[in-house]
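# Geometric and topological summary
Chain by chain, the residues run as shown.
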Amino acid sequence: MTRFSAALALALAASPALADDDYIPPVTHAATQEECGACHMAYQPGLLPARSWSAIMGDLANHFGENADLDEATRAEIEAYLVSGAARRTRSIPADETPLRISELPWFKHEHDHEVSQRMRDRAKTMSNCVACHRGADRGYYEDD
Ligand code: HEC
Ligand code: HEC
């Protein structure tokens, strides 16, 4: 239990497929680990809803300013893996919205806006850099460090 547990429980009750604690099952799919872990941590499928993964995987040539394009077979395989493990409890995300960033989801802002010091933000450079602050993030652990 952390002192954030109460807030987290509230945030998650209406939110992503996160487990009810601070463990999010890590990526177990080799191609996803390799291709989506090349520039940043390979984000866990449970961090975004299925429609978000499909949108991301449908436009890899324009990926946050980078070209992350893949051959079609690999692309389709990775999309299927991400969609199959996607977040299911996503009521806090309006049905007509397809967020492309984990770091802009309501629960994420709720967890981070007031808890993260400027020093930590500067060190991480970007909130997309989960492992800078959560050393076990790529293994699924987001507990306090
Ligand atoms: C060529 C480098 C590169 C590759 C390969 C790549 N990405 Fe990214 N990705 C980026 C960059 C750059 C960002 C934006 C990071 C930032 O804003 O600091 C990003 C951001 C993201 C985000 C949003 C993170 C957030 O802020 O919540 C997701 C989700 C994502 N990538 C998924 C994927 C997936 C899935 C794959 C594999 C198909 C992939 N990426 C492969 C470069 C890459
Ligand atoms: C600049 C530092 C920083 C970055 C980058 C960051 N986090 Fe966090 N995160 C924190 C802090 C601080 C907390 C609140 C304290 C805590 O619970 O660990 C937190 C809380 C969390 C929690 C709740 C865990 C709990 O025990 O309450 C989750 C889940 C989480 N972050 C996921 C992510 C993901 C996914 C990313 C990357 C997309 C990310 N974080 C990026 C600092 C960061």
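A short tour of the structure in this document, coming up. (Residues numbered from 1 in each chain as written. Chains lettered and ligands numbered in written order. Predicted model: local features only at pLDDT ≥ 70, side-chain atom pairs only at ≥ 80, totals over all residues. Heavy atoms only, no water.)

This brings us to the coordination of the iron atom of ligand 1. Coordination of the iron atom of ligand 1 by the protein involves His40 (NE2) and His63 (NE2), with metal-donor separations of 2.0 Å. One can describe the donor arrangement at the iron atom of ligand 1 as octahedral, given that its six donor atoms subtend angles of 87 to 179 degrees at the metal. Of this pair, His40 sits in the loop between helix 2 (30-36) and helix 3 (50-57) while His63 sits in the loop between helix 3 and helix 4 (72-84), placing them 23 residues apart in sequence. When its relative accessible area of 31% is taken as the criterion, His40 is described as partly exposed. (Donors = N, O, S within 2.8 Å, 3.2 Å for Na, K, Ca; no water. Tetrahedral: all angles 85-135°; square planar, octahedral: opposite > 155°, others 65-115°. Helix = DSSP H or I, 4+ residues; strand = E, 2+ residues; numbered from the N terminus. Buried < 20%, exposed > 50% of the residue type's maximum accessible area, 1.4 Å probe, protein only.)

Another point: the coordination of the iron atom of ligand 2. Protein coordination at the iron atom of ligand 2: the donors are His112 (NE2) and His134 (NE2), at 1.9 to 2.0 Å from the metal. Geometry at the iron atom of ligand 2 is octahedral, judged from its six donor atoms and the angles of 87 to 179 degrees they form at the metal. Of this pair, His112 sits in helix 5 (residues 106-112) while His134 sits in the segment after helix 7 (130-133), and the two are 22 residues apart along the sequence.

This next bit is on the environment of Asp69. Along the chain, Asp69 falls in the loop between helix 3 and helix 4. Considered as a pair, Asp69 and Asp59 are ten residues apart in the sequence and their alpha carbons are 8.0 Å apart.

Going through the model one piece at a time under the given rule, you end up with two aromatic pairs. Note on Tyr23 and Tyr141: the rings are 5.0 Å apart at their centroids and 50 degrees apart in plane angle, and the pair reads as tilted. Separated by 118 residues along the polypeptide, Tyr23 in the loop between helix 1 (5-13) and helix 2 and Tyr141 in the segment after helix 7 bring together distant segments of the chain. For Tyr23, a relative accessible area of 30% translates into the label partly exposed. Seen from their ring centres, Trp107 and Phe108 are 5.7 Å apart, and the 65 degrees between their planes marks the pair as edge-to-face. On the accessibility criterion, Phe108 (8% relative accessible area) is buried. (Phe/Tyr/Trp six-rings, centres within 6.5 Å; stacked < 30°, edge-to-face > 60°.)

As far as function goes, none of this settles anything; it's purely spatial.
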